[in-house]
Structures are given as C-alpha cells and as structure tokens.
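Analysis of the macromolecular model
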Amino acid sequence: MKPKIAFFDFASCEGCQLALLNCEDILLELLELVDLVEFREAISEKSARYDIAFIEGSIHREEDSKRLLDIRSRSQFLVALGACACNGNVQARSNFIAPAENYKLVYGEEARNRVQIDKNYWPLWAHTRVRSVEEIVKVDYQLRGCPMSANEFLHLVKALLSGQIPHFPENAVCVECKRHGNECVFDKGLSCLGPIAYGGCDAICVNNGHVCDACRGLLPYANVEAHNNLMLSKGISKEAIKSRYRMFCSAEKMSQT
Amino acid sequence: MTMNTNLNKTMHIKIDHVTRLEGHGSILIDVEKGRVENLKLEIVEANRFFENLVKGVPPHDVPQVVSRICGICCVGHQLAAIKAVENALNLSTSPQTRLLRVLLNESQFLQSHALHLYFLAIPDYVGVKSILPLAGSHPELIKKALKLKKLANDFTTILGGRALHPVMPTLIGWRKLPDKNKLELLLERLHESVKDIEEMVDFISQLKLPDYERETEYVSLKHPDEYALYEGEIYSSDTKKSVPESDYRQVTNEFTVAHSTSKWSRWNRESYMVGALARVNNNFSQLHPKAKEVANELDIKIPCYNPYKNNLAQMIEIVHCTHHCIEILEELLSQDLHMEDLTYQSAEGIGCSAIEVPRGILFHEYGFDNNGVCNHADAVIPTSQNINNIERDMQKFVPQMLPDMEKEALASHMEMLLRAYDPCISCSVHMLDVQFV
C-alpha cells in the first residue's frame, strides 16, 4: 500500500503548500509514489490515518488546537511545515498586543465589543495567542523557512519513504552565503542575522540583494550577545537590531537587545 | 393542476472547509418546502491581524511583512505596500522601476490564473475531484498547464529572486537587478508559450459552464492608456465614473457580519464584484488584440453577467498578460538596466495605493510617525470585497436551481460558484465550506 500523506493548513499564507505545487517538474512523479489523502488547497478527497501529516500555519484558537491534537493522534510522522508552524512567523508579532486590542484595531470598537458579548460571534473569533505547532503536540521534523525549501521537503519525503532518518545540517546562513561569494551585508551598513540563523535556505535572500531576517529561527548554539556586539560595532543602531530580530518572531525569544 | 416539485423540497446543506480553495470557508443552505430560509457563506479562517503586525516596522520592511498575508498573492501585496509606502514618504520612481513592477505583477497573473483554472476550477467542469485524474485522462493538457505554471514561476523568480515572497523589489527600485540573459531566455519561452496557450483556449472553449446570470456592480481600476493592472483610478460600472485611489474607503465601506472573520464591502448598491470578469467588463476595449480574439472564441459577450464565466475572463487575461509581457520585455531589453540609489529619508506621513491583483482590486494604506516607523496600516483585499456579492449570487441562483437539481448537484454548483470567484480566504481574513442545512 502506498504511504498516505496529508497536508493541513492553519493560520498561514498557504505559501508552503504552494511551494510544493510549484515543483512542477517532479509533482506528478511524486504523486505516483504516495497517496495524497488530504490537500485541501488542491484536492477534495479525505482519510482516517496518515503516514506523514504536514502541518502548515500557526495555532491561534482552541478549536485549532483540538484539530491539531486529533491529527497528531492519527499520524505516524508529524512535520511542521514552514516558519508559521515552526515558530509562529510574522503573525506571532500580534502576541505583543492584547487580543481585544487587536480586534479593535482591525475590526473597530463596535466589533470588538460585540465579540465579547454576543455568543454567536465568539466561538469563531475566540483568539488566544499565536503558538507554534510544537507548543501543542510532538513534532517529529521541522521544515523551516518562509517559505519552506522545496529541496528540504523532497529530502524529507524521500528519506521517510525509504525508511531512513532525514538529516538537516545545523549550519548558519552565513556559511551558505560565503559559498555564494556575496558581499557581506555588514559592509553595506545593514543589519543581518545570517551568522546566527539556521541555514538550509542557501542564503537565497542575501544572494538576491537582501539581508537575512532569520525566518528559519536562531541556531540553538547561537551566541546572540556576541552577534549583537558585532552589529553595534558595525555602527548599526539598537533600534535597527531590535527590528531585525522582531521581523520574524522566530528570533524574538532569544534577543537580549 | 400539477404541483411544482420544488415546493416540497426541503434540504439542509452544509459544506465545511470547501476544498480547492485558498483559505477556509463554509457554505450553509437551508431550504424548507421549496423556500430558501437561510443561506450563508461562512468565513472561518483564524484572524491574523496583519494591520497590527506592521506597527513599529521601518518603511522598507513593511512590504516583506505584508507579503506574508498570502502566498498566492504575495507579489500583489508587496507591490501594493511598496506603492503605498512610497506615497506616504513622497518617494518617486523611475520608468525602469515601473516596467519591472508591471512585469512582476503580470507574472503573478499568469501564475495565479493558471493555477486556479487548471488545478482548482477545471476539475469541477469535467466532473473530477482534483487535477490528479486529469493527469491520466488529459495528459497533454496537464503537461501544458504545468509548463505554463512553471514558466510563470520562473518569470517571478527571475524578476523577484524567489517565486514566493520575492526579495529583490523594494522601495524606489530593485535591490539587485534581474539578469539580462535570463530575461532574454524568458522572452523566448513566452514566445514559445503562445501556441500552448492557444490549445488551452481550445480546451476551455469546449467546457460547459453553468448558465446563470445576475447583473451586479463591476469595480476595477481604469487607466487612460492601458488595460489597468498596475495602477489607475477606481471605476464603477454603475456610475461609469472613476474616483482616485485615495478615496478607496468611500468605495469599500467595510462592515462586519457575525458569520465571517472577513470584513464585507458595498459601494453604489448592496454588493459589487471585483476580479477578472469585472476588469474584462470594464476595460474590454483596452485588452491586447489577441486577448479580444480569444474572448470571441470563448463566446463571451461583454458585459457578461454570469459569475461562472470569471474563469473565461481569467483565460482572456492569461492571453493578454502573455502578449503584454512580451512587449514590455522587448522594451526593457532594448535599454541598459541601471541600479538606482535606494537611499531614502523616512518621514511622518500617510499614503495609500490601489493595484489590480489576480482576484481584483487591492488597497493598502500606511502611516508613519515622526520617528519614521509605521503607526497605521489598512489593507482591503479583493476576496473580502467579493464575499458579499457571492452570497447574493447564491441567494438568487439557489431558487432557480431547486426545481431541477438534487441536493448534491446543488451543493456542487455552489462550490463551483465560490471557486469561480477564485476567492482567497487567507487574504481576506487577514473562505469556504458549503453548508446546506
């Protein structure tokens, strides 16, 4: 029997599912090797058990957390797909603001008040805080990045299908950036988290003229303090450094600035 | 006298988390003895509060954060944000930057329309659940669709550095210029794609689309010199007049309803439609001549009031964008590309922008405080402008469909209607399950 693979999306831009649909060259071939049982964005079929469940998106409401627990109980491997699932991504920035304040700012004061008193509204709207998948269930593997890397996705699927353990090297973006021979971002007077951020992205942002925002999270052994001192010594302001860490909240927990 | 059978029909339909849709929505329909008692399009996507997420962010980071509103519309969100931030800070751009942005934007039209037509909508019209069976029954067609999609993705990648959440475009210009050799190869591939696209038009022209009409207000950008996609004024088919983009709030008039985490819109009447059909209806005469020929082949009469035919309008726009991009690329390649000075001074100010993205008009607005960081943001998404109109289409079509259709056929026609609009619910909640109860 072919392994059953499923995709579930929570709060996200759904770009990681799209990144998979963008693998036009191998998409049809891959689909011959697996049974894609849930992929709401592209198909209408559904299943009771999954060999690999991919979770896209961050978890915001109790109903979402219950759905996630149910998926976990029916899956052999559970994979957090992309930065939202791994770290909360940019939407975790809303954790710095009280939920009622968020409603008021986006939907207006009247809607904010109604959410709190009208029972027809609140089950749909009840917003707790933005959590990563790992904060709710056991995660077997993480496919980091915003968006995820299609190469890493294929590596993971191939390994699991052939009974091997997928391996993702823990090196900094800086290592991959050097390999491309890019001009160092610091020499352009900009802030960068490349030296302390998880690689695997092949330094795609810096290759294309941008800086590293650590969308993949900070390495577990990252020396954040030394990196901050380095950026300060390059004349980058404390505000710019803080803003860089906050961009993808993945790094926020670690920032001592 | 025989009694009309639909007088006795009672059905409760609930389609939760409609598939082949960007984002989460449900359809709920209650029919009691032939009368539609309740009909709702519920948007159940979790809130992400994007307008709050950009507060405190410096101007050049705003486009990168809001790109994450939606993967499928990321180029549109980036460009809308870039234009709005530039307006807020009074930054001007060069003709080269405009050409690059026009190309980048239209690359997303090709990608999004191809994805929507082939992966999400067409399975409905040939009666299968996904693109997968089509790969068996129509292998050549699917290969061509995948080829076009790949071309469009490579197009965005060459212009933006990455197909999803591009990194090259920024305020004023490009962080790194696209490689001219790659642009030349791209031009060749676009020329080659013309024939494949003609075959896709043939296939689409043979599909039988449901024949239901409801005339509504069509809203799109309008530009004096071109088929408005990158910029223009906001035009209504009701008033036959345009208003400037800075008046967008008078157009969208957003309000909230209990069954939707997305906001709703209305302008000159109870609801309006944005998207490919609205654009083709409003700006037909400015389409590329080849696109007009295709409209003829697809037998679409303008103005067209059948929302299912939004899918035909998407095909017409694929043809338009392909030929238009060929022209723009030739113009761009005839000149030398130069790096622009991207330094700018952040300042206090507020600015908005309007741009056409595959699903309709997108509005963004940002404000910056005297420290130059973002203190205000607003985004009005095409899908949230359409939801009200979709629900009203459903309310009109369900009673017309009831006499001839069983529950399943009716439910599937509702899903198809929803998909025909190509809704992007991730975007609109910053939609769709069908429930018939």
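Residues numbered from 1 in each chain as written. Chains lettered and ligands numbered in written order. Predicted model: local features only at pLDDT ≥ 70, side-chain atom pairs only at ≥ 80, totals over all residues.

We now examine the overall build of chain A. When helices and strands are tallied, chain A shows twelve helices and five strands. By residue count, 47% of the 257 residues in chain A fall in the buried class. Considering only intrachain contacts with a sequence separation of at least 6, the fraction spanning at least 24 residues in chain A is 73%. (Helix = DSSP H or I, 4+ residues; strand = E, 2+ residues; numbered from the N terminus. Buried ≥ 20, exposed ≤ 12 C-beta atoms within 10 Å, placed from the backbone. Contact = placed C-beta atoms within 7 Å.)

The next subject is the nonpolar core. Grouped together as the largest cluster of nonpolar side chains are 184 residues, with contacts concentrated most on A:I55 and B:I316. Per element, the largest residue contribution to this core is 13 residues, and it comes from helix α4 (residues 95-125) of chain B. Both of domain 1 (4-88 + 130-161) and domain 3 (173-254) of chain A provide at least three residues apiece to this core. Look past the residues within four positions of A:I55 in its chain and what remains in contact with it is A:F8, A:F10, A:L68, A:L78, A:V79, A:A80, A:L81, A:A85 and A:V133. (Core = buried A, V, L, I, M, F, W, Y, C linked by C-beta atoms within 7 Å. Domains from an automatic or database assignment.)

The subject of this paragraph is the packing of α4(B) against helix α6 (residues 139-160) of chain B. Residues and elements named next belong to chain B. With their axes 9 Å apart at the nearest point, α4 and α6 run at an angle of 155° to one another. Between α4 and α6, the angle is such that the two are roughly antiparallel. In the crossing of α4 with α6, the sense of the turn from one axis to the other is left-handed. Of α6, the residues touching α4 (which contributes L100, L103, L104, S107, Q108, L110, Q111, A114, L115 and Y118) are A145, L148, K149, A152, N153, F155, T156, L159 and G160. Of the residues assigned to the contact of α4 with α6, the class counts are twelve nonpolar, six polar and one charged. (Axes fitted to C-alpha atoms, helices over the stretch in contact; angles between N-to-C directions. Parallel < 35°, antiparallel > 145°, perpendicular 65-115°, else oblique. Left-handed = near helix turned anticlockwise from the far one by under 90°. Nonpolar A, V, L, I, M, F, W, Y, C, P; charged D, E, K, R; others polar.)

Mapped onto the secondary structure, B:Q250 falls in helix α8 (residues 248-252). Considering only alpha carbons, one finds B:Q250 and B:C374, 124 residues apart in sequence, at a separation of 23 Å.

The pairing of strands in a sheet comes from backbone hydrogen bonds and takes either a parallel or an antiparallel form. Residues and elements named next belong to chain B. Spatial ordering of the open sheet is given by β6-β5-β4-β7, a layout of four strands whose pairing is mixed. Of all strands in the sheet, those bounded by a partner on one side alone are β6 (241-243) and β7 (272-273). Inspection of the sheet shows strand β4 (residues 217-222) paired to strand β5 (residues 233-236) by four bridges, in the antiparallel sense. Its bridge partner being in β5, L221 is matched across the sheet by I234. Those strands touched by helix α9 (residues 276-283) are β4, β5 and β7, and its axis lies near 75° from that of β4. (Pairing = 2+ DSSP bridges.)

Further remarks concern the confidence of the model for chain B. Residue and element names in this part refer to chain B. Averaged over every residue, the pLDDT of chain B is 87; residues scoring 70 or more account for 90%. Per-residue pLDDT stays below 50 along residues 426-437; that stretch engages in 87 contacts with residues further than four places along the chain or on separate chains. Per the prediction output, this complex has pTM 0.89; the corresponding ipTM is 0.87. (pLDDT = per-residue confidence, 0-100.)

Glancing now at the sheet that holds strand β8 (residues 349-357) of chain B. All names here are of chain B. Taken in spatial order, the three strands of this open sheet run β8-β9-β10, and their pairing is antiparallel. Each edge of the open sheet is held by one strand with a lone partner, namely β8 and β10 (374-380). Looking at each pair of strands side by side, their axes are set apart by 15° on average, direction ignored. Relative to β10, strand β9 (residues 360-368) runs antiparallel, the two being bridged by six bridges. Each residue of the ladder has a partner; that of Y366, found in β10, is A377. With respect to the sheet, helix α3 (residues 74-89) is in contact with β8 and β9, its orientation differing from that of β8 by roughly 150°. Sheet strands touched by helix α12 (residues 382-401): β8, β9 and β10. Its angle to β9, the strand with the most contacts, is close to 130°.

On to unusual backbone geometry. A cis amide bond links A:C146 with the next residue in sequence, A:P147, at an omega value of -5°. One can find A:P147 in the loop between β5 (141-143) and α8 (150-161). Look at the link from B:I302 to B:P303: it is a cis peptide, with omega at 0°. With respect to the helices and strands, the residue B:P303 is situated in the loop between α10 (289-297) and α11 (310-333). The backbone of A:N89 sits at a positive phi, close to 50°, despite the residue not being glycine. Considering the arrangement of structural elements, one finds A:N89 in the loop between α4 (83-87) and α5 (99-107). The backbone of B:D299 sits at a positive phi, close to 60°, despite the residue not being glycine.

With that out of the way, let us pick up the environment of B:L190. The topology assignment puts B:L190 in helix α7 (residues 180-205). Residue B:L190 is classed as buried on the basis of its 20 C-beta neighbours within 10 Å.

Before going further, it helps to spend a moment on α3(B). Residues three or four positions apart in an α-helix share a direction because the helix packs 3.6 residues into each turn. All names here are of chain B. Along its 16 residues, α3 runs 22 Å from first to last C-alpha, staying within 8% of the 22 Å computed at 1.5 Å per residue. With 15 of 16 residues buried, α3 is to be regarded as a mostly interior element. Phi turns positive, to about 55°, at N90, one or two residues after α3. (Expected span 1.5 Å × (residues − 1).)

Residues and elements named next belong to chain A. In terms of burial, strand β3 (residues 50-56) is largely enclosed, as six of its seven residues are buried. Direction of pairing for β3 relative to strand β4 (residues 75-81): parallel, over a ladder of six bridges. Across the sheet, Y50 pairs through a bridge with S75, a residue of β4. Considered for its hand, the β-α-β crossover made up of β3, helix α3 (residues 62-73) and β4 is right-handed. (Right-handed = clockwise from strand over helix to strand, strands pointing away.)

Let's shift gears to the packing of α3(B) against α4(B). All names here are of chain B. Packing of α3 against α4 brings their axes to within 8 Å, and their N-to-C directions diverge by 150°. Classified by the angle their axes make, α3 and α4 are roughly antiparallel. As α3 packs across α4, the resulting crossing turns out to be left-handed. When α3 is examined against α4, the residues V75, G76 and L79 are found in contact with a partner set consisting of R101, L104, N105 and Q108. A breakdown of the residues in the contact of α3 with α4 according to their chemical character gives three nonpolar, three polar and one charged.

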